[in-house]
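Listed below are the residues making up each chain.
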Amino acid sequence: MDNLFKEAWNKIEEADNIVLISHVNPDGDALGSSLSMYSILKKKGKNVKVFNATKPLPMYLDFLPNFEKVTNVLPKKIDLMVSFDCGSFDRLGIEERPPFLINIDHHISNTNYGDINIIDPKAASTSQVVFNMLKANAVELDYDSATCIYTALVTDTGSFQYESVNDKVFETAAELVKYGVKPDFVAKMLFQRDRLSRLRLLAKAYDTIELCCEGKVAFVEVTKEMMEITGAIKDDTDTIVNSVRAIASVEVACMLREDDEGIKISLRSKNYADVSKIAVKYGGGGHIRAAGATIKDEFDFEKVKNMLKEDLKEIVRDEA
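Residues numbered from 1 in each chain as written. Predicted model: local features only at pLDDT ≥ 70, side-chain atom pairs only at ≥ 80, totals over all residues. Heavy atoms only, no water.

A. Structural view of the overall build of the protein chain. Scanning the protein chain from N- to C-terminus turns up 12 helices and 12 strands. Relative to the globule expectation of 20 Å for 320 residues, the C-alpha radius of gyration of the protein chain, 19 Å, shows essentially globular dimensions. Principal-axis analysis of the C-alpha atoms places the extent of the protein chain at approximately 55 × 40 × 35 Å. Put simply, 62% of the contacts in the protein chain that link residues at least 6 apart link residues at least 24 apart. Counting only carbon and sulfur atoms, one obtains 49% of the accessible surface of the protein chain, whose full area is about 14700 Å². (Helix = DSSP H or I, 4+ residues; strand = E, 2+ residues; numbered from the N terminus. Rg over C-alpha atoms; globule rule 2.2 N^0.38 Å. Contact = heavy atoms within 4.5 Å. Areas by Shrake-Rupley, 256 points an atom, 1.4 Å probe, with all protein chains shown as cover.)

B. Spotlight on the sheet that holds strand β6 (residues 116-119). The strand order across the open sheet built from six strands is β3-β2-β1-β4-β5-β6, with neighbouring strands paired in parallel fashion. This sheet does not close on itself; its edge strands, each paired only once, are β3 (70-71) and β6. Where strand β1 (residues 17-22) meets strand β2 (residues 47-51), five bridges bridge the pair, whose relative direction is parallel. Residue pairing for β2: Asn 17 is matched across the bridge by Asn 47. Contacts from helix α2 (residues 28-36) reach β1, β2, β3 and β4 (80-84) within the one sheet, and its direction differs from that of β1 by about 165°. In the packing of helix α4 (residues 126-136) onto the sheet, contacts are made with β4, β5 (101-105) and β6, and the angle to β5 comes to roughly 120°. (Pairing = 2+ DSSP bridges. Axes fitted to C-alpha atoms, helices over the stretch in contact; angles between N-to-C directions.)

C. The side chain of Thr 208, seen in detail. By secondary structure assignment, the location of Thr 208 is in the loop between α8 (196-206) and β7 (210-212). A polar atom in the side chain of Thr 208 sits 2.8 Å from the backbone nitrogen of Glu 221. Ignoring any residue separated from it by four or fewer positions in sequence, one finds Thr 208 in contact with Phe 219, Val 220, Glu 221 and Met 226. (Polar contact = N/O pair within 3.5 Å; in protein donor to acceptor, adjacent residues only side chain to side chain.)

D. Region of interest: the pattern of salt bridges. Taken as a whole, this structure holds 16 salt bridges when the rule is applied. Across the salt bridge formed by Lys 309 and Glu 210, the nearest N and O atoms sit 2.9 Å from each other. Within this pair, whereas Lys 309 is found in helix α12 (residues 301-316), its partner Glu 210 is found in strand β7, the two being separated by 99 residues in sequence. Look at Lys 309 and you get buried, because its relative accessible area is 17%. Judged by relative accessible area, which is 23%, Glu 210 ranks as partly exposed. Residues Lys 303 and Glu 298 are paired through a salt bridge, measuring 3.2 Å at the closest nitrogen-oxygen approach. On the accessibility criterion, Lys 303 (44% relative accessible area) is partly exposed. A single network of salt bridges, built from pairs that share partners, joins Glu 210, Glu 221, Glu 302, Lys 305 and Lys 309. (Salt bridge = Lys/Arg side-chain N within 4 Å of Asp/Glu carboxyl O. Buried < 20%, exposed > 50% of the residue type's maximum accessible area, 1.4 Å probe, protein only.)

E. Spatial organisation of unusual backbone geometry. Between Lys 55 and the following residue, Pro 56, the backbone shows a cis peptide bond with an omega angle of 0°. At Asp 85, a residue that is not glycine, the phi angle is positive and equals roughly 65°. Inspection of the secondary structure puts Asp 85 in the loop between β4 and β5. Since its relative accessible area comes to 2%, Asp 85 is described here as buried. At Ala 138, a residue that is not glycine, the phi angle is positive and equals roughly 55°.

F. Representation of the sheet that holds strand β10 (residues 262-269). One open sheet accounts for six strands, arranged β7-β8-β9-β10-β12-β11; its pairing is mixed. Each edge of the sheet is formed by a strand with only one pairing partner; in this case those strands are β7 and β11 (285-286). As paired elements, β7 and strand β8 (residues 217-222) share three bridges and run antiparallel to each other. Note on β8: the bridge partner recorded for Cys 212 is Val 217.

And the structure:
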């Protein structure tokens, strides 16, 4: 991995016009990882842009340093593009390939679409891969970059709750704190700025909870009508599936959310079920314990639930 780290950094050093890009509908790891490189490359005199095709961006991440620098207008002049936390090229939201592409990720399902592919499935987040690359090349972090990496690490480990958390994760977090990161500030920004609309949406969504597979699977629905009535936005749906997974008997929680293009499915498992298998089947991807996909041009919740029930029966049938 060190050789890849050095090869990638040499390419970054050589380039003048750099675009840092992450997947559509970005989460904390996607935006945090891409923004973490912005201040570092700016100090090196690079013409650097942070791009994401999604508009609007998730506002719960608006405290990240340089969040306002993210653009959805792709620059015309690009020497090098670096993608973060994206499993396949089509999820970048662009059509043409850049002259050179470095692909940095930690998803085992990554399709290796880059000219250089730095994929570490053992890492807890893409931001941890970025941190290791910077460290391998003796690149000094600053407060901005460290805060972005730390935030990405917190969000992608479920606040250090997931199986991906090990001694290396805590060592990374500790090193980031040495750069001035304030864990209490990040925690307050992420978890103590709730919107009233989200709480109202939760009440309506919880009324739709349905258990099956002897209580091992829970479905929850979010319709456009619910969101209109409560004034909720997409950001307000992010943690619903996690809270449903907290039901004592549940191994897998599945949220169905009505979108313009179809029904988005978000899957979370607790102990042993590999939900990434289901997400991949429907054109998505993700982790063993957290994955998602969009079933395009389908708006029948019952039909989608019945499809998924058959798949879910298989992965919760036998405990690992």
